[in-house]
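Here are the chains, one letter per residue:
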Amino acid sequence: MSITHHRESTEARQSRHMRVGDRQDTAARLLASAARKSYEPLVEVDWQAPVPEDLYGMTPEWCSLYGTELWERMTEEQRITLTQHEAASVAGTGIWFEMILMQMLLRDIYSHDPSTPHVQFALNEIADECRHSTMFARSAQRFGIPSYRPKRWILNSARLFKSTASGSLAYGGTLFAEEILDMMQRDFMKDERVQPITRTVSKIHVLEEARHIKFAREETVRRVRTLSRPKRAYQRLVLGVTAYFIVTCLVNEQVYAAAGLDVDEAELAARNNAHYHEMIREGSRKTVEFLDECGLIGGPSKALLRRAHVI
């Protein structure tokens, strides 16, 4: 993906995104949207419905091995098992980052006036994320799949980020996680080859995350205005690291063992899978374009983004 830093100045790129609505007006509209269209997953999802044995856990084209020679050698049963476990792994990464997001939001609004729409929508988003995390966990549980999570050293390292990230860094990092899941789940929810539970879970998440993405984008634009050059460079670096770990944690290597595959062989195939890399780039495209126009893509972090196939 081409980056446009050399085509126009940072100020010119940002000017297109500085025309955002008033913070309180935006929050009021998002609150009204939440009142009209919100879901309770424990009620909306038919958790007792039978699990068809012949349907995938996710759109197969999003599977890390799709398009490889190893995928061609796999049985249909192995493909179904792998997609179910990869869907659970993606959900586990979603839970991990939603927990980080909830803490960042609480810190961000801690000293703000709770009577304002801005704070009330932030609280509404936290409530949404609690339900989403429960929904993702319940989905994996329904399929009899273990809770896949990032490695312990990654979980521990992320404690610093979740405890200190604020402003455009917090909201920009949030967009990397939310928008790639959004791209995936827009495919899942429409794909009749996918399990009904996965399709319903994806639909709920896509509809509610649209509000969260709008909120995060506008807050990123507002906060980036005040960044000094050194702070902007620092945030570029941390956002690159954040994006790298979000993307590389999507697929836990143990999903391959669950499908009866040799883990080393499967990891190598996934690492060299041009089709999967292109899917990741497309899933990250909107976030990269937006953050690039805000001046938050660039410097050494681009090497990490390329290594994660985000650009």
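Because the structure is predicted, anything quoted here is derived from the model rather than measured. (Residues numbered from 1 in each chain as written. Predicted model: local features only at pLDDT ≥ 70, side-chain atom pairs only at ≥ 80, totals over all residues. Heavy atoms only, no water.)

### Focus: the confidence of the model for the chain
Alright, step 1. Averaged over every residue, the pLDDT of the chain is 91; residues scoring 70 or more account for 93%.
Alright, step 2. The lowest-confidence element of the chain is helix 1 (residues 10-15), averaging 43 in pLDDT; the highest-confidence one is helix 4 (residues 69-73), averaging 98.
Alright, step 3. Of the regions scoring below 50 in pLDDT, residues 1-18 engages in 36 contacts with residues more than four places distant in sequence or in other chains. (pLDDT = per-residue confidence, 0-100. Helix = DSSP H or I, 4+ residues; strand = E, 2+ residues; numbered from the N terminus. Contact = heavy atoms within 4.5 Å.)

### Topic: the packing of helix 9 (residues 196-224) against helix 13 (residues 274-293)
Alright, step 1. Contact pair helix 9 / helix 13: the axes reach a minimum separation of 11 Å and the direction vectors enclose 20°. Our classification of the angle between helix 9 and helix 13 gives roughly parallel. Between helix 9 and helix 13 the crossing geometry is right-handed. Each of Arg217, Thr220 and Val221 in helix 9 lies in contact with helix 13, whose residues at this interface are Lys286, Thr287, Phe290 and Leu291.
Alright, step 2. Among the residues making up the contact of helix 9 with helix 13, the classes are represented as 3 nonpolar, 2 polar and 2 charged. (Axes fitted to C-alpha atoms, helices over the stretch in contact; angles between N-to-C directions. Parallel < 35°, antiparallel > 145°, perpendicular 65-115°, else oblique. Left-handed = near helix turned anticlockwise from the far one by under 90°. Nonpolar A, V, L, I, M, F, W, Y, C, P; charged D, E, K, R; others polar.)

### A closer look at helix 6 (residues 117-142)
Alright, step 1. Here helix 6 is 26 residues long and its end C-alpha atoms lie 37 Å apart, about the 38 Å a rise of 1.5 Å per residue gives.
Alright, step 2. Once helix 6 ends, the next one or two residues include Gly144, with phi positive near 70°. (Expected span 1.5 Å × (residues − 1).)

### So, the packing of aromatic side chains
Note on aromatic pairs: each is described by the distance of the centres and the angle between the planes.
Alright, step 1. Applying the stated rule across the entire model yields 7 aromatic pairs.
Alright, step 2. Through a chain of ring-to-ring contacts, three or more aromatic side chains come together here, namely Trp96, Phe97 and Phe161. (Phe/Tyr/Trp six-rings, centres within 6.5 Å; stacked < 30°, edge-to-face > 60°.)

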